[in-house]
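Fold and geometry: a report
Okay, here's what each chain looks like letter by letter:
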Amino acid sequence: MATWGALKRSYTWIAAHAPWSAWAWRTTAFSAAAIPPALPLATGFVLLTAPPVRSAVPLLLVLLLCPLLTGLQRSRFRVLLGLDVPPVVHTHPWRTPRGLAERLRSEATRRQYAYHLAVSPLAALGGALVVLAWAGGLAGASAYAWAWLIPSDGGLPARGWTREYDLITVGGALTLLSAPWMAAALTRLDALAAASLLGPNRARELQRRVEDLAESRAGVLDAADIERRRIERDLHDGAQQRLVSLAMNLGIARATLTGLPPEAKAVIDEAHREAKEAIEELGNLVRGLHPAVLEDRGLDAALSGIAARAPLPVELTVDLAERPGPTVEAVAYFVVSEALANVAKHARARRCSVTVARVPGGPRGDLLRVVVTDDGVGGADPAGGTGLTGLRKRVGSVDGTILINSPQGGPTVVTVELPCGL
């Protein structure tokens, strides 16, 4: 059964790649279609080198027709091969002087000329050889038919089975079998050359995509930061003020309504206490979203507030001659806040130190380096659910780096470097 399946697959493959298959005709048509676009260039070279003419005008016209020839080649690939070679996108239209100058200076234009001057003539020559292979193979394979149709004048072998006709027939059959593979090899080489020369530069296109993604990511971060500020403002001006008003009314009621039963006084006291706790929790939430002091006075003042509220002594050192971007400041603030929260919850440390400084970063520009050190038990593992995974994601959102050194027994050192240019 397995042998029959293998034979069936082999027969299917041979039928799909036979000289009469659609694959053979498609690759042959594609190879032959390379001849017409190369004819203007061949004519220009002939007129340039022919002794009676020796004129470079036709060749210059061919060079000026480079955009048209490029469009013809792209159409040939798209229609006959189903391969879409993307065009090169320019900033200005070619009809304007700036657009024309841009195309003359463009590296993509030089690559297109390289294709039309070097690859296109070779592809046309290969297409001609493929056509000759088909014609010669067909003529050779039908040698006996030609021998019977064409009368012999004595210069040809006599009719019948002869050694010469056998060799010609076998050679023609082999040529017919090899012609599709010649066309397929030529098609593959031509497609590779077109993708490299007629389309956009892969490296430059990738660089442009990276720049676009960096800009879009910066836009997303800015939008998220603006949304956090809006939520902080709405909570501060709306819900928090209502809770403050409620707490004040409950306090006034507790102070003025002295004739109430003890049960009612207890309810008012409990409501007043819960309102004050809700105000405190909401204030912490507002500061966690985007503290106003960070925007007004910078990292030094904002981190001083975090250090003052920490449940353990925190030594804070901030050395910033120039403020980084607001997005980087926000990330640094949340990194320090989350790191101190992790220390308080998991490290069992007695003290902690936070150092923030702006250092040179080489080609990347200046870096904001944040170092958080504690004398706790160590063993911090990002996979252990200690909040370090969130730190990595937040730092990675601005192309920053984070290094966590936390051996068993401590100390734990978290070093974060953020690009100041964002």
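Up top is the structure.
The structure reproduced in this document is the subject of the present report. Once a new chain begins, its residue numbering starts again from 1 and follows that chain's sequence as written. Reporting in this predicted model follows two pLDDT cut-offs: at least 70 for local features of residues, and 80 or more for side-chain atom pairs to be given and counted; totals over whole chains, interfaces and linings ignore these cut-offs and use all residues. Side-chain numbers come from the whole structure's heavy atoms, not from hydrogens or water.

Moving on: the packing of aromatic side chains. Two rings from Phe, Tyr or Trp (for Trp, the six-membered ring) form a pair when their centres are within 6.5 Å of each other. A pair whose planes differ by under 30 degrees is stacked, one over 60 is edge-to-face, and the rest are tilted. Using the criterion set out here, one finds four aromatic pairs in the structure. Consider the rings of F30 and F77, whose centres lie 5.0 Å apart with planes at 65°: the pair is edge-to-face. One end of the pair, F30, is in helix α2 (residues 22-32); the other, F77, is in helix α5 (residues 66-81), and 47 residues separate them in sequence. Each residue gets one of three labels from its accessible area relative to the maximum for its type: buried under 20%, exposed over 50%, partly exposed in between, using a 1.4 Å probe on protein chains only. F77 gets classed as buried once you look at its relative accessible area, which sits at 0%. Note on geometry: a ring has a charge over it if NZ (lysine) or CZ (arginine) is within 6 Å of the ring centre and within 35 degrees of the ring normal. Between the NZ or CZ atom of R76 and the centre of the ring of F30, over which it lies, the distance is 4.3 Å. Secondary structure elements are defined from DSSP: runs of H or I of at least 4 residues count as helices, runs of E of at least 2 residues count as strands, and each element is numbered from the N terminus.

Further remarks concern the packing of α5 against helix α7 (residues 107-141). Whenever a helix is involved, its axis is fitted only over the stretch in contact; in every case the axis is a line through C-alpha atoms, and angles between N-to-C directions fall within 0 to 180 degrees. Contact geometry for α5 and α7: axes closest at 10 Å, N-to-C directions at 65°. Comparing their axes, α7 and α5 come out roughly perpendicular. Note on packing geometry: the crossing formed by α5 with α7 is left-handed. Facing α5, whose interface residues are C66, L69, T70, Q73, R74, R76 and F77, α7 presents Q112, Y113, Y115, H116 and S120. Three categories are distinguished: nonpolar for Ala, Val, Leu, Ile, Met, Phe, Trp, Tyr, Cys and Pro, charged for Asp, Glu, Lys and Arg, and polar for the others, with Gly belonging to the last. In the contact of α5 with α7, the residues fall into five nonpolar, five polar and two charged. By definition in this entry, angles of less than 35 degrees are roughly parallel, angles greater than 145 are roughly antiparallel, angles of 65 to 115 are roughly perpendicular, and the rest are oblique. Crossing handedness: left-handed means the near helix sits turned counterclockwise from the far one by under a right angle, and right-handed means the same turn made clockwise. Contact definition: two residues touch when any of their heavy atoms are within 4.5 Å.

Any two strands are treated as partners once DSSP identifies two or more bridges connecting them. The strand order β1-β2-β3-β5-β4 describes an open sheet built from five strands, whose pairing is mixed. Lying at the two open borders of the sheet, with one neighbouring strand each, are β1 (314-319) and β4 (401-405). The sheet shows a mean angle of 10° between the axes of neighbouring strands, taken without regard to direction. Inspection of the sheet shows strand β3 (residues 367-374) paired to strand β5 (residues 412-419) by eight bridges, in the antiparallel sense. In the strand pairing of β5, V372 is matched with V414. Its contacts with the sheet put helix α13 (residues 299-309) on β1, β2 (352-359) and β3, and the angle it makes with β1 is roughly 175°. Packing against the sheet, helix α14 (residues 326-347) makes contact with β1, β2, β3 and β5, and its axis sits at approximately 10° to β3.

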